[in-house]
Amino acid sequence: MDLHEKIRTLPTQPGVYMYKNAQGDVIYVGKAKNLRSRVRSYFLDAAQANAKTGSLMREAVDISYILVGNEGEALALENNLIKQRKPRFNILLRDDKTYPYVKLTLGDRFPKVFVTRRLRKDGAAYYGPYFPGNLAYRVVELIHRSFLIPSCKVDLSRYYPRACLQFYIHRCLGPCVEGLTTPEAYKQAVRDTQMLLEGKATELEKTLTERMMEAANEEQFEAAARLRDQLSTVQQLQEKQRIATAELNDDADVFGYHFEEGALAVNLFHMRHGKIVDRREFFWEDLPELMESLAVENTQEAEETAHFEPRSETNFNPGQLFSALLKQLYIDQPYVPRSILAPADFPDRELLAGLLSERAGHRIEVAVPQRGEKRSLVDLAAQNAKQSYVQRFRVLEPSQKAIQEALADALMLPDLPQRIECFDISHIQGAETVASLVVWEDGKMNKSEYRKFKVMTVLGVDDFASMREVVHRRYKRLKDEDKQMPSLVLIDGGLGQLHAAADALEELGFTTQPLASIAKKEEVIYVSGNEDDPVVLDRRSPVLHLMQMIRDESHRFAVGYHRQRRAMRDRESELLSIAGVGALTRQRLITHFGSLRDVQQATVESLAAVVSKKTAESIWRYFHEEQIVPSE
């Protein structure tokens, strides 16, 4: 059955349809109130005249569909399929930023608390998202200090001989060592943490007060003092929340855009409690292919959308763009603000608002303000989108601080990075394995801080063990000398090298040290503790360029040192070609004289102090063939 015949058999019910190419790949996903009517419209002359629709229909050889009960279900299913299949004729969300959540692993024997950007159905509780990104880290830091719930990667299903540093500096209850805490005390700390994260400050304040008084009456003054400090922290947080609530209106997300020369920049302002707390950017470069008369997917929808937004001479339709963008951003999100302010109207705006409201359990407004304060906010977002466009597409160099802020946000660093130390391993078939350490500090490479390592304990090819050795050696020395750790430890490699470095740091007690790796071919960044959610940056991103530059410098330095070591080895092996010189004799000569060059310049008498007179003469003659051996 060919495509035209298949279309004639489509039902007239609501559903989602998928066009496929000759290889069976899904190239476009759409939704419809009436599947047959919508899909047939693609073959009308008006639709075929559209560049995007024409290209789609030239590639499409098959179609499949899924029936649903209503338009709302179709909207949700369309969004899920676009995210899963990433069809090239759909508008896809492109964003360097996802916001972090605080994860409490309630399914574990001793739950831990982490910062993560990926939500999973794994039995854990997730709280957030947090704006700006480093706020999640500050919350986890507060939990460490106040409730002593750890973030380490230690397996707490068994006990260990001793606790790590975090226990001794009072940031962990020490569940890894039998006897340091009890399951009951740990469960209470977890309940307190839950109440804090769920915003139940009044309830938490009450229970902490009761426990503090009880501990004081029983003369457990140390426990009472700890509960007093926790109570003080909760009261301070509650006061800040009261101030914010008194100042403010409902939360809102505000969109603005700037389109020029086939490229698009979109800015999203996150407003919480009446204040702009963060900004998010989106960019598209291939809009001529995607957006030419995009609304004319079918004549019916073209008629519906024509009065919403006038198209420019380039046929860019912002309404269609924001329809796709808002669906991908908000459907399936656990938190959606009460107001979403868009700069352009689109046909299924009310349908989307209804679906989001139904899932949130309260009314969510998707509005297109025309005047007043809300319109001013949309205009402000548009002005910032224009600046984003200039910075991205007109190659305006961002400031150093802007790059540092973007790096801290992308890798979820607790502070702006001031110093990055990067490691790389170099060898050939396991021979002369060496490592390099390069340092980026305050915006530039600090060559005076570079270090070389000769791998001492690893035989053969084992990059992971080699990385573990050099990272351990480096930071054991810093620990022994009581020096400050870097803002970020960066590893040239993938997950194996990252885990090896993490093991070395954990063994030294540095369980919260920011650590990441960058893989060469994929240019994907893995962050320790969030390996399942790698950071994929846009190829134009200044953050990616900085990471690549540091990684490449580390690789250059490691390869240079390896070549130097190999040249030394090859030159030293030249001695083996001299009669009477074996491996042991060569080693004695190099140890005694220090280098091959000094052996070459030595006299017969000096050589004879290390080897026999006959061998000494042979060595001297080898390097001075045209000279006569001086007689005594």
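If you're wondering where the values come from, they're calculated on a predicted model, not measured in any experiment. (Residues numbered from 1 in each chain as written. Predicted model: local features only at pLDDT ≥ 70, side-chain atom pairs only at ≥ 80, totals over all residues. Heavy atoms only, no water.)

(A) Geometry of empty space enclosed by the protein. Scanning the model with the defined rule gives two cavities of 30 Å³ or more in all. Considering only enclosed or pocket space, the largest cavity measures out at about 60 Å³ in volume. His144, Pro150, Ser151, Cys152, Cys164, Gln166, Arg171, Cys172, Thr511 and Thr512 together form the lining of the largest cavity. Grouping the constituent residues of the lining of the largest cavity by class yields four nonpolar, five polar and one charged. (1 Å grid on protein atoms, 1.4 Å probe; cavity = no way out; pocket = protein on both sides within 12 Å on 5 of 7 lines; lining within 4 Å. Points joined across faces, edges and corners; volume = space filled by probe spheres on them. Nonpolar A, V, L, I, M, F, W, Y, C, P; charged D, E, K, R; others polar.)

(B) Quick look at the pairing of strand β4 (residues 101-104). Here β4 shows a buried face lined by Tyr101 and Lys103 and a second buried face lined by Val102 and Leu104. One ladder, built from three bridges, connects β4 with strand β6 (residues 125-127); its direction is antiparallel. Each residue of the ladder has a partner; that of Val102, found in β6, is Tyr127. (Buried < 20%, exposed > 50% of the residue type's maximum accessible area, 1.4 Å probe, protein only. Helix = DSSP H or I, 4+ residues; strand = E, 2+ residues; numbered from the N terminus. Pairing = 2+ DSSP bridges.)

(C) Local environment of the nonpolar core. Counting residues in hydrophobic clusters, the biggest one holds 38 residues, and the most contacted among them are Val102, Val113, Tyr130, Ile143, Ile149 and Leu197. Mapped onto this core, the elements with two or more residues apiece are β4, β5 (113-116), β6, α6 (134-147), α8 (183-197), α9 (201-217) and α10 (221-247). Listed in part, the 28 residues of the second largest apolar core include Leu75, Leu268, Phe282 and Val366. (Core = buried A, V, L, I, M, F, W, Y, C linked by side-chain atoms within 4.5 Å.)

(D) Local environment of the state of the cysteines. Evaluation of the coordinates by the stated rule reveals zero disulfides. No disulfide involves Cys164; its nearest neighbouring cysteine sulfur is the one of Cys176, lying 5.9 Å away. (Disulfide = S-S within 2.5 Å.)

(E) Layout of unusual backbone geometry. One non-glycine residue, His170, lies in positive phi territory at about 60 degrees. Structurally, the position occupied by His170 is in the loop between α7 (165-168) and α8. For His170, a relative accessible area of 58% corresponds to the exposed category.

(F) Focus on the sheet that holds β6. Pairing is antiparallel in the open sheet, where three strands are placed in the order β5-β4-β6. Looking at strand neighbours, the two that pair on one side only are β5 and β6, the edges of this open sheet. On average, each strand axis in the sheet is inclined to that of its neighbour by 30 degrees, with strand direction left out of account. In terms of strand pairing, β4 meets β5 through four bridges, oriented antiparallel. Paired with Tyr101 across the two strands is Thr116, which belongs to β5. Seen against the sheet, α8 touches β4 and β6 and runs at an angle of roughly 155 degrees to β4. (Axes fitted to C-alpha atoms, helices over the stretch in contact; angles between N-to-C directions. Contact = heavy atoms within 4.5 Å.)

(G) Main features of the pairing of strand β1 (residues 15-20). Most of β1 sits out of view: five of its six residues are buried. With six bridges joining them, β1 and strand β3 (residues 62-67) adopt antiparallel strand pairing. Across the sheet, the residue bridging to Tyr17 is Tyr65, located in β3. In the sheet, β1 pairs with strand β2 (residues 26-32) via six bridges, with the strands oriented antiparallel. What sits directly across from Lys20, in β2, is Val26.

(H) The arrangement of the sheet that holds strand β10 (residues 339-341) in detail. Taken in spatial order, the five strands of this open sheet run β9-β8-β7-β10-β11, and their pairing is mixed. With partners counted over all chains shown, the strands left at the sheet margins are β9 (275-284) and β11 (365-367), one partner each. Between one strand axis and the next, the sheet turns by 15 degrees as a mean value, whatever way the strands run. Bridge analysis of strand β8 (residues 263-272) against β9 gives nine bridges, and the strand direction is antiparallel.

(I) Local environment of the pattern of salt bridges. For the coordinates displayed, the defined rule picks out 26 salt bridges. In this structure, a network of salt bridges that share partners links the residues Arg419, Glu421, Glu441, Glu449 and Arg474. (Salt bridge = Lys/Arg side-chain N within 4 Å of Asp/Glu carboxyl O.)

(J) Structural context of helix α5 (residues 71-85). Between the first and last C-alpha of α5 there are 21 Å, a value that for 15 residues agrees with the 21 Å anticipated at 1.5 Å per step. Of the residues making up α5, those classed as buried are Gly72, Ala74, Leu75, Ala76, Glu78, Asn79, Leu81 and Ile82. The opening residue of α5 is Asn70, an N-cap whose side-chain oxygen sits 3.0 Å from the backbone nitrogen of Gly72. Within two residues after α5, Lys86 carries a phi angle of roughly 50 degrees, on the positive side. (Expected span 1.5 Å × (residues − 1). Polar contact = N/O pair within 3.5 Å; in protein donor to acceptor, adjacent residues only side chain to side chain.)

(K) Inspection of the packing of aromatic side chains at higher detail. Throughout the structure, instances matching the rule amount to eleven aromatic pairs. The interplanar angle of 40 degrees and the centroid separation of 6.4 Å between the aromatic rings of Tyr17 and Tyr28 together place this pair among those described as tilted. Residue Tyr17 is found in strand β1, and its partner Tyr28 is found in strand β2; the two are separated by eleven residues along the sequence. Neither residue differs from the other here; Tyr17 and Tyr28 are each classed as buried. Here the aromatic cluster, defined as three or more aromatic residues joined through ring pairs, consists of Phe255, Tyr257, Phe322 and Tyr330. (Phe/Tyr/Trp six-rings, centres within 6.5 Å; stacked < 30°, edge-to-face > 60°.)

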